[in-house]
Amino acid sequence: MIRLQDVSYVRLGTRDLEGATHFATDYLGLEVAQRLKNAIYFKSDERGHTLCYFEGSPDDQVAAFEVANGEDLSAAAAELERLGHEVHAGTAEEAQLRQVRDFIAFKDPTGNKIELVWRPEHSGRRYHGERDAGITGFSHIGLCTTDPVRDEAFWTQVCNARVSDRIGDAALLRIDEVHHTIALFPTNRAGIQHINHQVESGDDVMRSFNFLTERQVPMVFGPGRHPTSSARFLYFEGPDGMVFEYSSGVRSIADELLYRERQFPFDPKGFCEWGAKPEIKEFRN
Amino acid sequence: MIAIEQLRYVVLGTANLAAAAQFAQGTLGLEPIDRTPERATFRSDDRDYTLAFVAGEPATQAIGFEVRETKALDIAFDALRARGLRAARGTADECALRKVRDMLWFHDHSGNRIELVVRPMNSGWRYFPSRDAGIKGLDGVMLRSTAIKKDENLWTEVLGAQVSDWAGDAPYLKIDSAHHRLALFPSKKAGILAVEYAVESVNLMMRNYYVLQNTQVSIMHGPGRRPASEQLFLTFAGPDGVLYSFVAEGQTADGDVVRRPRQFPAGPQGLCSWGSDNKIDEFNRAGTR
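Residues numbered from 1 in each chain as written. Chains lettered and ligands numbered in written order. Predicted model: local features only at pLDDT ≥ 70, side-chain atom pairs only at ≥ 80, totals over all residues.

Colleague: Tell me about the domain arrangement of chain B, and please be specific about residues and values.
Modeller: Residues and elements named next belong to chain B. We note that the domain assignment places domain 1 (6-118) and domain 2 (135-284) within chain B. Computed from C-alpha atoms alone, the centre-to-centre distance between domain 1 and domain 2 is 20 Å. Counting from both sides, the interface comprises 31 residues of domain 1 and, opposite them, 30 residues of domain 2. At the level of secondary structure, the elements contributing two or more residues to the side of domain 1 that touches domain 2 comprise strand S1 (6-14), helix H1 (17-27), strand S5 (61-67) and helix H2 (70-82). Broken down by element, the residue count for the side of domain 1 that touches domain 2 peaks at five residues, all from S1. For the side of domain 1 that touches domain 2, the class distribution of residues is 16 nonpolar, twelve polar and three charged. (Domains from an automatic or database assignment. Contact = placed C-beta atoms within 7 Å. Helix = DSSP H or I, 4+ residues; strand = E, 2+ residues; numbered from the N terminus. Nonpolar A, V, L, I, M, F, W, Y, C, P; charged D, E, K, R; others polar.)

This is the structure in structure tokens:
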């Protein structure tokens, strides 16, 4: 079994690196960690970086997860190859670009580009955002799935994820005590469906709602509160149509033995207990 | 100086009693109590009623505060007359209509009618709301003032209120453990600016936000958080030009500790720490006299 420790970073291709950087810093509130000629790295917490925009196709999206040991990488590679996934062992140069010691890359059954990384860099300096968004860190991703049953099996049986709740067939998966680190949303494409950053409080969610609304950032869902994770949330659109989320107050599942996943309806009531209606394609019937 | 026990009720004149009653029941979700062709009252908590609509001139408004004894009415009467304010004892009919044992009414320096009442009726039956808005009770009133300093002094020197904080020149007035039950906002005219109902939690407040949006109620300010009281608020338009708010959370006094009043900025900056949209004139001009 592939033991995922944490979600580590996302890498997003863009044709407009400058525009994406403007959004990531002035609107989203991340801090520039490093600028290369054709890639910019952003930090959101104590880690070296958690988001990287690079010059390339906006369809080129990668989500990375950390594994604990170097041997885990070779074991994972062997297991994935046995299951018929093509595995690419990262070169030293590629690893350096990702600020990790070693990594492997593969595609999940839907075709999402996934990287498993070992020893991603932490930062010696604490995160100081470009604006006071109250971000406490990069926390989870929504992944597209073209077959939710197949992909749930991949993440829970090949990898160590557990189902925390389901909204319709969309599984919210945990790999530690946080309610979900991966959420699988049924759709007809591969790619990252949304990127979540946690903020300190519900007040921060609401402040950002007003801040971003004033700046004409398209709001696509919320402010609201998820009945599943109990988090207060706000979803808005960033460069290349990527959906970003702020949330606060995500439920923690401490008792693995007693916890039982729940089924919620795939309609606005399953997504928000306050009555907000999503404008996000993957959250609608 | 007298002591006010609690905020009791708001009386509002309305040009359309049926529409106002529909608003109280459908939008606020209050429980209808008494209904005559001239008057409709609504319950929000264990008080018999906290909102009364009266058919007629919308300028006919009153706020009721409870005092413990009839003696307090005598003391208040003398002090109010000494300030040159109009004041009179309520008649038996007026008291019966309000379901109180005794009453003194007066007009503040702006012309707002305030009623001090003794032994107002409580309900023996619990509050049963018309819709699940999560209302816990009448929480406060925002009042316009055309003579802000004199009205503030009236409340602090005669009626025993304390200033919790100011936003610009607008004082938040404290009479019990809540941060405030009354706030005075400088304005060019008198009248009740907003009637505020407490709801259980942020979840109920935000649920109401979407209910109001879906029913085309005009949101005037919020959802937001008040820097002074730390209350969550959502202010929206009701009938006859009166605003209503749902509020939640907020500071309460810690025992008998008297906190120093603080000065917050005038205008939207001092009234919302979330930066919410404000459409209320008085809030844009809270710093002007």
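Colleague: Explain the environment of B:His109 residue by residue, including any values.
Modeller: Residues and elements named next belong to chain B. In this fold, histidine 109 is placed in the loop between strand S7 (102-107) and strand S8 (113-118). Residue histidine 109 is classed as partly exposed on the basis of its 19 C-beta neighbours within 10 Å. Considered as a pair, histidine 109 and glutamine 25 are 84 residues apart in the sequence and their alpha carbons are 33 Å apart. (Buried ≥ 20, exposed ≤ 12 C-beta atoms within 10 Å, placed from the backbone.)

Colleague: Let's hear about helix H2 (residues 70-82) of chain A: which residues, and what values?
Modeller: Residues and elements named next belong to chain A. Taking 1.5 Å per residue, 13 residues should reach 18 Å; H2 reaches 19 Å between its end C-alpha atoms and fits that length. When H2 is considered as a whole, its buried residues turn out to be Leu73, Ala76 and Leu80. The buried side chains of H2 occupy one side of the element, clustering within an arc of 70 degrees when seen end-on. Exposed residues lying more than 90 degrees from the buried face of H2 are Glu71, Ala78, Glu81 and Arg82. Residues of H2 that are buried make contact with strand S5 (61-67), strand S7 (102-107) and strand S8 (113-118). A positive backbone phi angle near 95 degrees is found at glycine 84, which sits one or two residues after H2. (Expected span 1.5 Å × (residues − 1). Arc of directions from axis to C-beta.)

Colleague: Break down the interface of chain A and chain B for me, with residues and values.
Modeller: Counting from both sides, the interface comprises twelve residues of chain A and, opposite them, eleven residues of chain B. Elements that contribute at least two residues to the side of chain A that touches chain B include exactly helix H5 (202-214) and strand S14 (219-225) of chain A. The element contributing the most residues to the side of chain A that touches chain B is H5(A), with six residues. Looking at the side of chain A that touches chain B, its residues break down into five nonpolar, three polar and four charged.

Colleague: Give me the domain arrangement of chain A: which residues, what numbers.
Modeller: Residue and element names in this part refer to chain A. Taken as a whole, chain A is organised into domain 1 (6-118) and domain 2 (135-283). Just the C-alpha atoms count here: the centres of domain 1 and domain 2 sit 20 Å apart. Opposite the 26 residues of domain 1 that make contact, domain 2 presents 29 residues. At the level of secondary structure, the elements contributing two or more residues to the side of domain 1 that touches domain 2 comprise strand S1 (6-14), helix H1 (17-27) and S5. Residues of the side of domain 1 that touches domain 2, tallied by class, amount to twelve nonpolar, nine polar and five charged.

Colleague: Explain the environment of B:Gly137 to me, using residue names and the numbers behind them.
Modeller: Residues and elements named next belong to chain B. Relative to the helices and strands, glycine 137 resides in strand S9 (residues 135-145). Exposure remark for glycine 137: the 15 C-beta atoms within 10 Å place this residue in the partly exposed category. Remark: the alpha-carbon pair of glycine 137 and arginine 98, spanning 39 residues in sequence, is separated by 18 Å. Beyond its immediate sequence surroundings of up to four residues, glycine 137 is in contact with Ser44, Asp45 and Ala198.

Colleague: Any chance you could break down H2(B) for me, citing the residues and the numbers?
Modeller: Residue and element names in this part refer to chain B. For H2, spanning 13 residues, the distance from its first C-alpha to its last is 19 Å, which sits close to the expected 18 Å at 1.5 Å a residue. Looking only at H2, the buried set comprises Ala72, Leu73, Ala76 and Leu80. When H2 is viewed along its axis, its buried side chains cluster within an angular range of 100 degrees and face the same direction. The outward face of H2, more than 90 degrees from its buried face, is lined by the exposed residues Lys71, Asp78 and Ala82. Buried residues along H2 sit against S5, strand S6 (87-89), S7, S8 and helix H4 (148-158).

Colleague: Just give me the short version of the pairing of S7(B), but keep the residues and values in it.
Modeller: Looking along a regular strand, one sees side chains alternate from face to face of the sheet. Residue and element names in this part refer to chain B. In the sheet, S6 pairs with S7 via three bridges, with the strands oriented antiparallel. Paired with alanine 87 across the two strands is phenylalanine 106, which belongs to S7. Relative to S8, S7 runs antiparallel, the two being bridged by six bridges. Following the sheet pairing, histidine 107 is matched in S8 by arginine 113. Here S7 hands over to S8 after five residues, with glycine 111 in that stretch at a positive phi of 105 degrees. (Pairing = 2+ DSSP bridges.)

Colleague: Let's hear about the sheet that holds S7(A): which residues, and what values?
Modeller: Residue and element names in this part refer to chain A. Read across the sheet, eight strands follow the order S2-S3-S4-S1-S5-S8-S7-S6 without closing on themselves; strand pairing throughout is mixed. Edge strands, defined here as strands with exactly one partner in the open sheet, are strand S2 (31-35) and strand S6 (88-89). Where S6 lies against S7, two bridges are found, and the strand directions are antiparallel. Its bridge partner being in S7, histidine 88 is matched across the sheet by alanine 105. Across the face of the sheet, H1 comes into contact with S1, S2, strand S3 (39-43) and strand S4 (51-55) while running at roughly 165 degrees to S4. (Axes fitted to C-alpha atoms, helices over the stretch in contact; angles between N-to-C directions.)

Colleague: An account of the environment of B:Leu212 is needed here, citing residue identities and associated values.
Modeller: Residues and elements named next belong to chain B. Its place among the elements puts leucine 212 in helix H5 (residues 202-214). For leucine 212, a count of 20 C-beta atoms within 10 Å translates into the label buried. Between the C-alpha atoms of leucine 212 and isoleucine 114, which are 98 residues apart in sequence, the distance is 30 Å. Residues in contact with leucine 212, not counting those within four places in the same chain, are Val217, Ile219 and Phe236.

Colleague: Requested: an account of the sheet that holds strand S10 (residues 162-167) of chain A, with residues and values cited.
Modeller: Residues and elements named next belong to chain A. Taken together, nine strands build an open sheet; the order of strands is S14-S15-S16-S13-S9-S12-S11-S10-S17 and the sheet is mixed. The sheet is open, and its two borders are formed by S14 and strand S17 (262-264), each paired with just one other strand. Pairwise comparison of adjacent strand axes, ignoring direction, gives a mean angle of 20 degrees for this sheet. With seven bridges connecting them, strand S9 (residues 135-145) and strand S13 (residues 192-199) associate as antiparallel partners. Its bridge partner lying in S13, leucine 143 is registered against isoleucine 192. In this fold H5 packs onto S13, S14, strand S15 (232-237) and strand S16 (243-248), with an angle of close to 25 degrees to the strand it touches most, S15.

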